[in-house]
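Residue-level structural notes
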Amino acid sequence: MGTQDEFAAQLRKLRAHAHTQVTDSRLAEIAFGLTESAVAEDALRGWFAGETLPQRWRQLHPVLTALGADLGEVSEFHRAWTAVGGGSVSPVLVAALHPFMSLQRLQPDPLGHTLGWIIDVVGLLLMTALSAAFAAAFEADPGPPVLELIFWGAGLLALAIGLIFRKRAVFGVYAIMAGIALTNAPGGGTVNRWLASTVGLI
C-alpha cells in the first residue's frame, strides 16, 4: 500500500470480505459521529475511491474494526496510512486502543442519538469532576478515608466501563487527564479541593 490509490483498494478489499455488510451511512456515523450526514458520507466514499485520506486515525480505526479487521490488519493499515501521508500515531497506542475500538457496535444507539449524547456528556463531566476530586484528595494530609476512596473509586470505574461500551473510551481518558490537570490551572486547586470535600474524600 504505497500510494493513496493502493490504500483505497485495500479498504475496498477489506469491505468486500467483511462478514457483515455495513452501509455508507452507518460507516460515516462510526467514523465521524454524525447521523444522516451527506457530508460525512461523501467524505467516507472519498476514502474508498482514493480521492481523499482519513484525516485522523481515530476516524479510520473504528471503521476498520467495524469491517472485521483484526489487530494485524489494523496495524498494516496504520503503517500504510502513515506512509501515504495520513498522519503519525504511535503503533503502541494503536495496539492499546484496538480492544476498545473492537467494541464498536454496528447497531443503532438503543438510547437514541440525542439521549445517548446527553448521557455521554454527563458521564464525561462526572469523570472529570471525580478525577479532579481524587487529585486533590491524594495531595491532602491526611489522605482520603478508605471507605469513601473505595466507593468513589468504584464509581469512577463504573463510569469508565460505561464509556467503553458507549465507544467513548478515548474521551474518558481525556476527561481523567483534564480533571488531574485542573490542579495546576489558576484556581484549579481550590475547585479540586471543593469537589473532593463535596464527595467526602477530604
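Look up: the structure comes first, before these words.
Residues numbered from 1 in each chain as written. Predicted model: local features only at pLDDT ≥ 70, side-chain atom pairs only at ≥ 80, totals over all residues. Heavy atoms only, no water.

1. What to know about the packing of aromatic side chains
When we look at a pair of aromatic rings, we describe it by the centre distance and by the angle of the planes. The final tally for this structure, using the stated rule, is five aromatic pairs. Measuring from centroid to centroid gives 5.6 Å for Phe-32 and Trp-47, while their planes differ by 50°, and the two rings are tilted. Of this pair, Phe-32 sits in helix 2 (residues 24-32) while Trp-47 sits in helix 3 (residues 38-49), and the two are 15 residues apart along the sequence. A residue is classified by how much of its surface remains accessible, and Trp-47, at 3% relative accessible area, is buried. Ring centres 6.1 Å apart and planes at 20° place the aromatic pair Phe-134 and Phe-138 in the stacked group. Of this pair, Phe-134 and Phe-138 both sit in helix 7 (residues 113-139), separated by four residues, roughly a single helical turn. Under the relative-accessibility criterion, Phe-138 is labelled exposed at 53%. Lying over the aromatic face of Phe-48, Arg-15 brings its terminal NZ or CZ to 5.1 Å of the ring centre. (Phe/Tyr/Trp six-rings, centres within 6.5 Å; stacked < 30°, edge-to-face > 60°. Helix = DSSP H or I, 4+ residues; strand = E, 2+ residues; numbered from the N terminus. Buried < 20%, exposed > 50% of the residue type's maximum accessible area, 1.4 Å probe, protein only. Lys NZ or Arg CZ within 6 Å of the ring centre and 35° of its normal.)

2. Describing the nonpolar core
The biggest cluster of nonpolar side chains holds 24 residues, and the ones touching the most others in it are Leu-27 and Leu-64. Listed by contribution, the elements that provide at least two residues to this core are helix 1 (4-16), helix 2, helix 3, helix 4 (57-66) and helix 5 (71-83). Not counting chain neighbours up to four residues away, the residues in contact with Leu-64 comprise Leu-11, Leu-14, Trp-57, Ala-69, Val-74 and Phe-77. Listed in part, the 14 residues of the second largest apolar core include Ala-132, Ala-137, Leu-163 and Ala-196. (Core = buried A, V, L, I, M, F, W, Y, C linked by side-chain atoms within 4.5 Å. Contact = heavy atoms within 4.5 Å.)

3. A word on the side chain of Glu-41
Residue placement: Glu-41 occurs in helix 3. A relative accessible area of 16% means that Glu-41 is categorised as buried. When near neighbours in sequence (up to four residues on either side) are disregarded, Glu-41 contacts Asp-24, Ser-25 and Ala-28.

4. A look at the environment of Gly-86
Structurally, Gly-86 is set in the loop between helix 5 and helix 6 (91-101). Overall, the relative accessible area of 13% leaves Gly-86 in the buried class. Linking Gly-86 and Gln-4, residues 82 residues apart in sequence, is a C-alpha distance of 9.5 Å. Ignoring any residue separated from it by four or fewer positions in sequence, one finds Gly-86 in contact with Leu-53, Pro-54, Gln-55 and Trp-81.

5. A word on the environment of Val-63
Structurally, Val-63 is set in helix 4. Residue class for Val-63 comes out buried when judged on its relative accessible area of 1%. Here the alpha-carbon distance between Val-63 and Val-22, two residues 41 residues apart in the chain, equals 9.8 Å. When neighbours within four sequence positions are excluded, Val-63 is seen to be in contact with Leu-27, Ile-30, Ala-31, Leu-44 and Trp-47.

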